[in-house]
Structures are given as structure tokens and as C-alpha cells.
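Structure assessment
The primary structure of each chain is shown beneath.
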Amino acid sequence: MGMTMTQKILARAAGQESVKAGDLIMAKLDLVLGNDITSPVAIHEIEKMKVDGVFDKDKIALVPDHFVPNKDIKSAEHCKCVREFARRNEITNYFEVGEMGIEHALLPEKGLTVPGDVIIGADSHTCTYGALGAFSTGVGSTDMAAGMATGQAWFKVPSAIKFNLTGSLPKDISGKDLILHIIGMIGVDGALYKSMEFTGPGVASLSMDDRFTIANMAIEAGGKNGIFPVDDKTIEYLNEHATRKYTAFEADEDAEYDQVIDINLSELKATVSFPHLPENTHTIDEIHRDGDIKIDQVVIGSCTNGRISDMRIAADILKGKHIAKGIRVIVIPATQAVYMQCLEEGLLKIFIESGCVVSTPTCGPCLGGYMGVLAQGERCVSTTNRNFVGRMGHVESEIYLASPAVAAASALKGIIACPADL
Amino acid sequence: MDNAKGRVFKYGDNVDTDVIIPARYLNSSDPAELATHCMEDIDKDFTKKVAKGDIIVAAKNFGCGSSREHAPISIKASGVSCVIAETFARIFYRNAINIGLPIIECPEASKNIDAGDEVEIDFNTGIITDITKGTSYQGQAFPEFMQKLIAAGGLVNFINEGK
């Protein structure tokens, strides 16, 4: 029986000829990741282990990004804990404020994630690197600790859902609309314990940034990982970024899938997830039909949509215009490199002149940490990934998940809108 | 493993880790402090009412969302002896096993057990007994590999024993 792309990568990492869905395997890890929230718990755990340091100081990435620059004293203590651990263990890939970015935008940019890798990260959006043809998945802090100590992790080999993409995205529609559409279709547990393998002729039309956004939100459908084939666009990205040699894997032609879902990209519409679950999706037509939704805040950024393409899309819509009166708009380039590119391309000027604030890279508002916490009854259109109760602040605030294009258009109108409404 | 026994707190589908332990408290990693905010955004009375041994019963996809291990840690530190659900989100499932919080999948128990019922779980057999109603259910037993992990008291001890 053939193997899926994910199964082939896992077989390689387990040193086995083949694996099948349901097998429990021990796999060698190519990268172990943690941030300022999850790493301190992992560091406490690794200190309880009878191990001498970490398995490989070059294969660990520590990225303080959630509550940095330190939002309060407790966060500062957490960051200090991570910083000192990194120093003590001579961790090569520790990224201090000034060189850090939001982890899932930063690591591919730094070339630390490549095709064929097996990557675990103590952050649920670690599944992002599947865009590059890697197996990568989120775990908790204890798994991170064990990974740092032993260079291995146990996995139950997942079965898969195949998403066969055809056509190409219409104007103003992006990877975010596609992944929200998929989550709306299969639900927040529609891919529970499974791989989401994106394939078909439509993949070629998706930019790398679109693919990062799509793989990033596999977890929002319950998926273990999301993964894309390695094609010319991937190779072009890797030629610019990769720091290591890599092996590209392909699914076998006779691989078995639990389900095959065909999606024609050309038919997609701007899609928004309403409170309080990502599966609660509405197309822009439905929103227009059902009446205006007034908003208080817009956030454009995060590991889902803080890359340069996202910034360009938002700036293109905001250019020469001003955001609606009474609206706050927070723009957060995901890494220092994206920030610099925004500066060089004149995007920062566009954002500031249109009335937005621009922040240093941080996960802050996405999880209600800081830098844009919502008050009771406030509504936010956000390019982030979760709209759970209380996620961005007060339990009676509301989050509408959308693409950068919808977020920027909504900022100008003061209601949920798309560029065609302007 | 000893049996779990206690009163039931009942929740629905998709209880996410943001409501189990909101991110505004993630500037701490102290289990006792996290426990004081456990379930705060879905059930503000939980921390006042929960007693050692109590049991959480939920429906589909319990623990979805963020990978924060603080979620099972806060539940365990609240004194909860077991979480029963129709299904668990995969990261929460791993985390619970890794930190030694007993969890068990059982759609029938999840459907039929009510809030306030007195429930007992035998982890050796996977049998869940609703003492209040006089009914019992067969929960999903763990694969042998995970039983070893749980028997060792979590992943850290498991690795230490292997050294």
C-alpha cells in the first residue's frame, strides 16, 4: 500500500521502510521549537530529566515572541529564564528582541525549516512549515523538553485528507479565504488527528505566503499537520533562504486517503469567521445580505498573516485613504526583515498616513496578551487565527477572522467589507 | 493506577484552551496560580466549587486550540481526577498524558452523564460508572505504549527510567 507525503517523511525519520496510519513510531527530530510562554515550562521539565544538556544545540530554536518586548514583570522573568537557558546550553538559534520575529514567520525566513524535516514546536501553529513540504506539528512543553533532551518524539502515524485544488484564486482572494472556507466546510475537528495534504494543479498558483497561511491554520481544523508538495515556487523560496540540504518527498500514487475534497480556487469568495469558532464562516455576500457589522478595531499581522505579501495587500488598499473615524488599526509586520521591507517599500508611511499604528513584531493582540486587548462588547476584524471566547480580551468581545484584504477594507469602512465595496 | 471518583462538571463541544486558561494568565507557569483561573472564561464558578477528585465531562474536541500545557496543568492542579470527553484535540491529548492527567474518550458517557453526578472511573478496565444513575460505560482503553507512559508517571519519568 502506498504512503501519503506525511507518512513517507515519518518513515524516513523513524528509520523504517514504511509506516501505516495508526502505527506508533519514535522519530528523529530535525528541529525543536519553543517560545517565551511554552519554553519556561519545558525548561523546568528538562531540568528534572537525567540528561546532560540538549541533544543538539543547532537543532533547537527559542523565539521569545508572545509577550515581548516584555509586557510585565512576570513575562520578563519568563524571557529571562529562556535567555539564560539558551546561553547556558549555547543554543545557536535563540532570537533576542531586535532580531526576533513571530516564530512561524521567522524560522522559514531564516532557512531553518526545509522539506522532509520532522519538526515539533511547543506552539500549536508549528504546522506552518508544512508549506515547505516538512512534517511539522504542535506539541506541549513536556514533549518539547523531551525533544530537546533526546532529539526524538513519539507519534501516532496519521491518516490523511487530500485537498485537490484546481483553478486559481480570483482578485483580492487569498490563502486565508481558502483555509477559512475549508474550516467552515469540515469543522474545527474535521481533520482531528489527521494530515491535511494540499495537492492538485491549483497549488502552483498559490504564493509561498499563501501556503504558509493555509498550513498555519491546519490546527484550526484539528489537523495534526498541513502539508504542500515541493514545487518550483518552493525551490525558489529555498534557494533564497535554506541553510541546509533537504530531501523533497512525494505522496505515492496509490496512497490511501480517508477523504478527497475537490476545491476550485476560482470559485472562492472573501470569507470571514464569525465569533466564536473558526468554523463559523460566512462569505462576504452573506454578510452584505444580513446587514452591516460595525467594528471597533482591526489587527493586521500574526503568524497567519504578518508576511510581506500581507503587508503589501493591506497597504495597497489603504494607500491615500484614511481609516474610518473611531476605528483603531494595529499593523504588525511579523519579523524584523518584513518590517524593514515595509520601510524600504514605503508601506509604513502608507499605514501611518492612513491612521494605523505599526508595532514591532509580537503575537501580543492575537491571544489577548497586550498591544490591542479588547474591552467588553468590542468587535475586532483580525487576520489572526482564533476567535474563541475571550481570545483577544473581554469574554464579551467579538473577533471576526479575515484576510488582510478584508481587514484593510473593513478598516476604511468601519464595517466588515471587502475591497470591492470601496 | 488508582480509580478516580468525584462529582461531575459538564461542558459542551470544543472547549478550547483559551477558556480553560486564558492567555492573560500565561505570564505564570506556577500550577497553583494557574489553578486559580482554571475554566474562568467558560465557568466563573468552577474554581469556587471544584473539590479534589472531581471529574470534567465534555463533548467533542475538548482542549482544542493552543498548545499551552498550562491548560491540563491548571485542570490537574485544580484537583480534577479525570476528564471524560467524546473526543480530545490531539495536542491536549498528548499534553494530558505527558503530565499525568488521566483522560478518557467515551461518547456514551459524555452524552449521558449529567452535571453533579457522582462518577467513578476504573483505569485498569476503562469502565466508567455513574453512581448517581446506576449506569456504566466502557471507555476507550489506552494503547499499551501510552499505558507505559502513564504508569511511569508521565514522559519525564518514562525517559528517566529508560536511561
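Everything numeric here is computed off the predicted structure, so don't read it as measured data.

The helix and strand inventory of chain B stands at eight helices and seven strands. On C-alpha atoms alone, chain B measures out to a radius of gyration of 15 Å, which is about the 15 Å that the 2.2 N^0.38 rule sets for 163 residues. Across the 163 residues of chain B, 53% fall into the buried class. The contacts of chain B with a sequence gap of at least 6 include a subset with a gap of at least 24, amounting to 67%.

For the rest of this paragraph, the subject is the overall build of chain A. Check the secondary structure of chain A and you find 14 helices and 18 strands. Expressed along its principal axes, the backbone C-alpha trace of chain A runs to roughly 60 × 50 × 40 Å. When burial is assessed residue by residue, chain A has 60% of its 422 residues classed as buried.

Quick look at the sheet that holds strand E9 (residues 195–199) of chain A now. All names here are of chain A. Strand order across the open sheet formed by four strands is E10-E9-E8-E11, with parallel pairing between neighbours. The open sheet has two edge strands with one neighbour each: strand E10 (225–227) and strand E11 (259–264). For this sheet the average axis-to-axis angle between neighbouring strands, irrespective of direction, equals 20°. Direction of pairing for strand E8 (residues 160–166) relative to E11: parallel, over a ladder of six bridges.

All names here are of chain A. One can describe the packing of helix H6 (residues 175–186) onto helix H7 (residues 208–216) by two numbers: an axis separation of 8 Å at closest approach and a directional angle of 25°. Taken together, the axes of H6 and H7 lie roughly parallel to each other. Classified by chirality, the crossing of H7 by H6 is right-handed. Together, Gly175, Lys176, Leu178 and Ile179 of H6 and Asp210, Arg211, Thr213 and Ile214 of H7 make up the contact between the two elements.

Residues and elements named next belong to chain A. As far as domains go, chain A holds domain 1 (5–265) and domain 2 (271–421). With 34 residues of domain 1 at the contact, the number on the domain 2 side is 33 residues. Breaking the side of domain 1 that touches domain 2 down by element, the ones donating at least two residues are helix H4 (103–109), H6 and H7. By residue number, the principal contributor to the side of domain 1 that touches domain 2 is H6, which donates six residues.

Our next topic: the pairing of strand E5 (residues 118–121) of chain A. Residue and element names in this part refer to chain A. What you see with E5 is no split at all: Val118 and Ile120 on one side and Ile119 and Gly121 on the other are buried throughout. Pairing between strand E2 (residues 31–35) and E5: three bridges, direction parallel. Paired with Leu31 across the two strands is Ile119, which belongs to E5. Bridge count between E5 and strand E6 (residues 135–138): four bridges; the pairing is parallel.

Membership of the largest hydrophobic core comes to 199 residues, with the highest contact counts inside it found for Leu10, Val298, Ala314 and Ala408 of chain A together with Val83 and Ile84 of chain B. Domain assignment of the residues forming this core places at least three in each of domain 1 (5–265) and domain 2 (271–421) of chain A. Residue contacts for Leu10 of chain A: discarding those within four places in its chain leaves Val19, Ile25, Ala27, Val118, Phe135, Phe155 and Val157 of chain A.

This part is about unusual backbone geometry. Only a minority of non-glycine residues have a phi that is not negative, and only a minority of peptide bonds are not trans. All names here are of chain A. Residue Pro69 is bonded to the preceding Val68 through a cis peptide linkage, with omega at -15°. Of note, Pro69 is situated in the loop between strand E3 (60–63) and helix H3 (73–88). Look at the link from Pro275 to His276: it is a cis peptide, with omega at 0°. Among the secondary structure elements, His276 is positioned in the loop between strand E12 (271–273) and strand E13 (281–283).

At the junction of the two partners, chain A supplies 42 residues and chain B supplies 37 residues. Secondary-structure elements contributing two or more residues to the side of chain A that touches chain B are helix H2 (39–48), H3 and helix H5 (141–150) of chain A. Of all the elements, H5 of chain A adds the most residues to the side of chain A that touches chain B, at six residues. Tallied by class, the residues present in the side of chain A that touches chain B amount to 18 nonpolar, 13 polar and eleven charged.

For chain B, per-residue confidence averages 94 on the pLDDT scale, and residues scoring 70 or more make up 99% of the total. Here the predicted complex scores 0.97 on pTM and 0.95 on ipTM.

What follows deals with the environment of Ile173 of chain A. Residues and elements named next belong to chain A. Residue placement: Ile173 occurs in the loop between E8 and H6. In sequence terms Ile173 and Ser266 are 93 residues apart; their C-alpha atoms lie 9.3 Å from each other. What Ile173 contacts, discounting residues up to four positions off in sequence, is Leu268 and Ala270.

Residues and elements named next belong to chain A. Following both chains from N to C, one finds helix H11 (residues 308–318) and helix H14 (residues 404–413) inclined at 30°, their axes separated by 8 Å at the closest point. When the axes of H11 and H14 are compared, the pair comes out roughly parallel. As H11 runs across H14, the sense of the crossing is right-handed. Taken together, the residues of H14 that come into contact with H11 (itself represented by Asp310, Ile313, Ala314, Ile317 and Leu318) are Pro404, Ala405, Ala407, Ala408, Ala409, Ala411 and Leu412. Looking at side-chain class alone, the contact of H11 with H14 contains eleven nonpolar, no polar and one charged residues.

Once that is clear, we can look at H2 of chain A. Summarising burial for H2 of chain A: seven of the ten residues are buried, a large majority. For H2 of chain A, the full list of buried residues reads Ser39, Pro40, Val41, Ala42, Ile43, Glu45 and Ile46 of chain A. In this fold, the buried residues of H2 of chain A make contact with E2, E3, H3 and H5 of chain A together with helix H8 (155–162) of chain B.

Okay, the sheet that holds E2 of chain A next. The pairing of strands in a sheet happens through backbone hydrogen bonds and is either parallel or antiparallel. Spatial ordering of the open sheet is given by E4-E3-E2-E5-E6 (chain A), a layout of five strands whose pairing is parallel. Bordering the open sheet on either side are strand E4 (93–94) and E6 of chain A, each of which pairs with just one other strand.

Quick look at the environment of Ile9 of chain A now. Residue and element names in this part refer to chain A. By the element assignment, Ile9 lies in helix H1 (residues 5–14). For the pair Ile9 and Phe135, spaced 126 residues apart in sequence, the C-alpha separation works out to 6.8 Å. Among all residues touching Ile9, those that are not within four sequence positions of it are Gly116, Val118, Phe135 and Phe249.

Scoring rules and cut-offs
Residues numbered from 1 in each chain as written. Chains lettered and ligands numbered in written order. Predicted model: local features only at pLDDT ≥ 70, side-chain atom pairs only at ≥ 80, totals over all residues. Helix = DSSP H or I, 4+ residues; strand = E, 2+ residues; numbered from the N terminus. Rg over C-alpha atoms; globule rule 2.2 N^0.38 Å. Buried ≥ 20, exposed ≤ 12 C-beta atoms within 10 Å, placed from the backbone. Contact = placed C-beta atoms within 7 Å. Pairing = 2+ DSSP bridges. Axes fitted to C-alpha atoms, helices over the stretch in contact; angles between N-to-C directions. Parallel < 35°, antiparallel > 145°, perpendicular 65-115°, else oblique. Left-handed = near helix turned anticlockwise from the far one by under 90°. Domains from an automatic or database assignment. Core = buried A, V, L, I, M, F, W, Y, C linked by C-beta atoms within 7 Å. Nonpolar A, V, L, I, M, F, W, Y, C, P; charged D, E, K, R; others polar. pLDDT = per-residue confidence, 0-100.

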